[in-house]
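# Tertiary structure, described
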Amino acid sequence: MWKPSDFEIPTLGEARVNSEDVPGLKNIAAGRYWVDDDERVPYQCVFKRDSELQTDLAFEKAGARHRLFFNPGEVNAGIVTCGGICPGLNDVIRALYMELHYIYHVKSVTGFRYGLRGLDPSYELEPIILNHERVSDIQAHGGTMLGTSRGHVDVGVVVDTLVARNIHMLFIVGGDGSQRAAHGVWQEIERRGLNIAIVGVPKTIDNDINFVYKTFGFDTAVSFARDALDAAHIEAKGNPNGIGLVKVMGRDSGFIASYATLASITVNYTLIPELEFDLDGPGALLEHLEARIRHKHHAVIVIAEGAGQHLLEEDERIVDASGNVKHGDIGVYLKNRINRYFKERNLEVNLKYFDPSYMLRSLPANANDRIFAADLARFAVHAAMAGKTDLMIGRRFNQYIHVPIPIAVATRKKISLESEIWMAVLQATGQPSSLQSRNRT
Ligand SMILES: Nc1ncnc2c1ncn2[C@@H]1O[C@H](COP(=O)(O)OP(=O)(O)O)[C@@H](O)[C@H]1O
Ligand SMILES: O=P(O)(O)OC[C@H]1O[C@](O)(COP(=O)(O)O)[C@@H](O)[C@@H]1O
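Here the structure is a predicted model, which means the values were calculated and not measured.

### Section: the environment of K343
Its location among the elements puts K343 in helix α10 (residues 330-344). Between the alpha carbons of K343 and G13 there is a distance of 70 Å; along the sequence they are 330 residues apart.

Shown next as structure tokens:
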């Protein structure tokens, strides 16, 4: 259980600069952005009749502060993007640069290349000094102009690089792994007694980071996944006993699969990592699918990549360079099992398999994601300028907040049997709730 003090954001020291003297900041609609340091957003808001609202647990509200720790004109800022790519990364980089340069007029903005390894001199990746020309059109492209990577980098080496390059604030754009790394870097900075701010911008296509109602890029990914599901439906209906099977990303969570199901409304089975399912036996997927094919002559199935891993051989499971489990290909496995099942029963089916996984990560951001990614970046800059550190920008109840990184990475956002999204999926698909009746522990 959290304590109120767990929600406190570390600061580098006493604020020394009056932000109202920063010309760029004065010119923007400061009324909208300026936030008093004691403004809070409650941690809990929904409460049942018998449980109390714990108003003492609250996040700090994000926004421009009246007083800054850093003198903007002296600041050298750094940006790094880590982990898998995601629509909107370039929007974040662009907005970080624009806010730092045009609003705060910082001295320099350095982009470290290929994730954390860009901060390890042994990789010999010379950083990029960002300027207007370099970033002005990057939002039109997917991926990240800085490159990204997975894999361990020593936090001591990262801090050595920050010191050597006289970086005052580092923006780490990445998922839970990157935010853990950010916390490690901050701990090392604190141990050395340095004044360097570490601010995280949460990123994952899977949307499973807590305290961000939806991660940037997720909206874009869902639209693309919806198109794949619609295509699978057309294929399924256009062939005798057609089955459209679509695999989407989602290492540990089924948000893309579930939201795309709701957006497409053509799906009959949604299989997600959080809920276990069986293939064989009475009432299990294959038997249910057979009944549907005999009755309706077509079906659409969406499966998230992390679903049904218990069905695969243990030795198919490997980890990536960052230590994340790399799942076996459940899509291909399911395709083969379905085909074999119907062949054994001498029942013709026409299964079309779609694997749009990587395609939905590499798109440029759609309109909503573009707005959101840029907002996160701007709030990250305000936080760092005020000398706040070891935090990630989040969003709760329509307000941007400062989330202490240890809280942000303590748990992962997941879909459960009892969640509203799952109820909606069951309703939209008509799949029996008994098909996946166990939360995965
Ligand atoms: N616990 C950790 N401590 C330090 N670095 C970490 C930790 N977990 C992940 N990292 C580093 O963070 C970077 C991104 O992590 P990864 O899990 O690949 O992606 P994501 O940030 O998208 O979850 C990698 O360089 C990885 O080595
Ligand atoms: O092939 P890669 O780059 O390891 O990416 C695959 C993984 O990345 C994800 O898209 C999530 O990655 P992030 O958490 O880094 O955004 C997973 O769904 C998927 O398992």
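### What to know about the pairing of strand β6 (residues 108-111)
Here strand β5 (residues 76-81) pairs with β6 via four bridges, running parallel. Bridge pairing in β6 links N76 to S108. Each parallel crossover has a hand, and for β5 linked through helix α3 (residues 89-103) to β6 it is right-handed. Sheet topology note: the β6/strand β7 (residues 128-129) ladder contains two bridges and is antiparallel. Its bridge partner lying in β7, T110 is registered against I129.

### A short note on the site of ligand 2
Residues in close proximity to ligand 2 total 13 residues, the closest being G83, G84, G175, M249 and R251. Looking at side-chain class alone, the shell around ligand 2 contains three nonpolar, five polar and five charged residues. Two domains each provide a minimum of three residues to the shell around ligand 2, namely domain 1 (4-215 + 365-408) and domain 2 (219-362 + 417-429).

### So, the site of ligand 1
Contacts to ligand 1 come from 20 residues, most closely from G83, G175, G177, A181 and S322. If you tally residues by element for the shell around ligand 1, the top one is helix α6 (residues 176-192), at six residues. Its residues placed into classes, the shell around ligand 1 shows four nonpolar, 13 polar and three charged.

### Looking at the UniProt feature "binding site: ATP" (unreviewed entry) in the chain
UniProt's entry tags G84, R150, G151, G175, D176, G177 and S178 with the feature "binding site: ATP" (unreviewed entry), counted in the numbering of this structure. A compact arrangement is adopted by the annotated residues: their sequence extent is 95 residues, whereas the largest C-alpha distance between any two is 13.4 Å. Take G84: it is sitting in the loop between β5 and α3. Among the residues examined, G84 registers 22 C-beta atoms within 10 Å and is labelled buried. Apart from residues no more than four positions distant in its own chain, G84 is found in contact with I205 and R361. Relative to the elements of secondary structure, S178 occurs in helix α6. By C-beta crowding, S178 is classed as buried, having 27 other C-beta atoms within 10 Å. Sequence-distant contacts of S178, defined by excluding residues within four places in its chain, comprise C82, G83 and I172.

### Thoughts on the sheet that holds strand β10 (residues 242-248)
The sheet built from four strands is open, its strands ordered β11-β13-β10-β16 with parallel pairing. The open sheet has two edge strands, β11 (269-271) and β16 (350-354), and neither has a second partner. Neighbour-to-neighbour, the strand axes of the sheet open up by a mean angle of 15°, direction not taken into account. Here β10 runs beside strand β13 (residues 298-304); their pairing, made up of seven bridges, is parallel. Across the sheet, residue K247 finds its bridge partner in β13, namely I303. Across the sheet, helix α7 (residues 218-238) touches β10, β13 and β16, and the angle it forms with β10 is around 165°.

### Quick word on unusual backbone geometry
In this model, H105 sits at a positive phi of 55°, which is unusual for a non-glycine residue. With respect to the helices and strands, H105 occurs in the loop between α3 and β6. Even without glycine at this site, E124 takes up a positive phi of about 50°. Here E124 shows up in the loop between β6 and β7.

### Topic: the sheet that holds strand β17 (residues 391-396)
Taken in spatial order, the nine strands line up as β2-β3-β18-β17-β9-β8-β5-β6-β7 in an open sheet, and their pairing is mixed. Two strands close off the open sheet at either side, each with one partner strand: β2 (40-42) and β7. As paired elements, strand β3 (residues 58-61) and strand β18 (residues 399-404) share two bridges and run antiparallel to each other. Among the inter-strand pairings, E60 is bridged to a residue of β18, identified as H402. Each of β8 (169-174), β9 (197-202) and β17 touches α6; the most contacted strand, β9, lies at about 175° to it.

### Here we look at the environment of N239
Counting through the fold element by element, N239 comes out in the loop between α7 and β10. Given 17 C-beta atoms within 10 Å, N239 falls into the partly exposed group. Considering only alpha carbons, one finds N239 and A263, 24 residues apart in sequence, at a separation of 23 Å.

Thresholds applied
- Residues numbered from 1 in each chain as written.
- Chains lettered and ligands numbered in written order.
- Predicted model: local features only at pLDDT ≥ 70, side-chain atom pairs only at ≥ 80, totals over all residues.
- Helix = DSSP H or I, 4+ residues; strand = E, 2+ residues; numbered from the N terminus.
- Pairing = 2+ DSSP bridges.
- Right-handed = clockwise from strand over helix to strand, strands pointing away.
- Near = placed C-beta within 6 Å.
- Nonpolar A, V, L, I, M, F, W, Y, C, P; charged D, E, K, R; others polar.
- Domains from an automatic or database assignment.
- UniProt positions renumbered as here; feature names shortened; annotations may be inferred.
- Buried ≥ 20, exposed ≤ 12 C-beta atoms within 10 Å, placed from the backbone.
- Contact = placed C-beta atoms within 7 Å.
- Axes fitted to C-alpha atoms, helices over the stretch in contact; angles between N-to-C directions.

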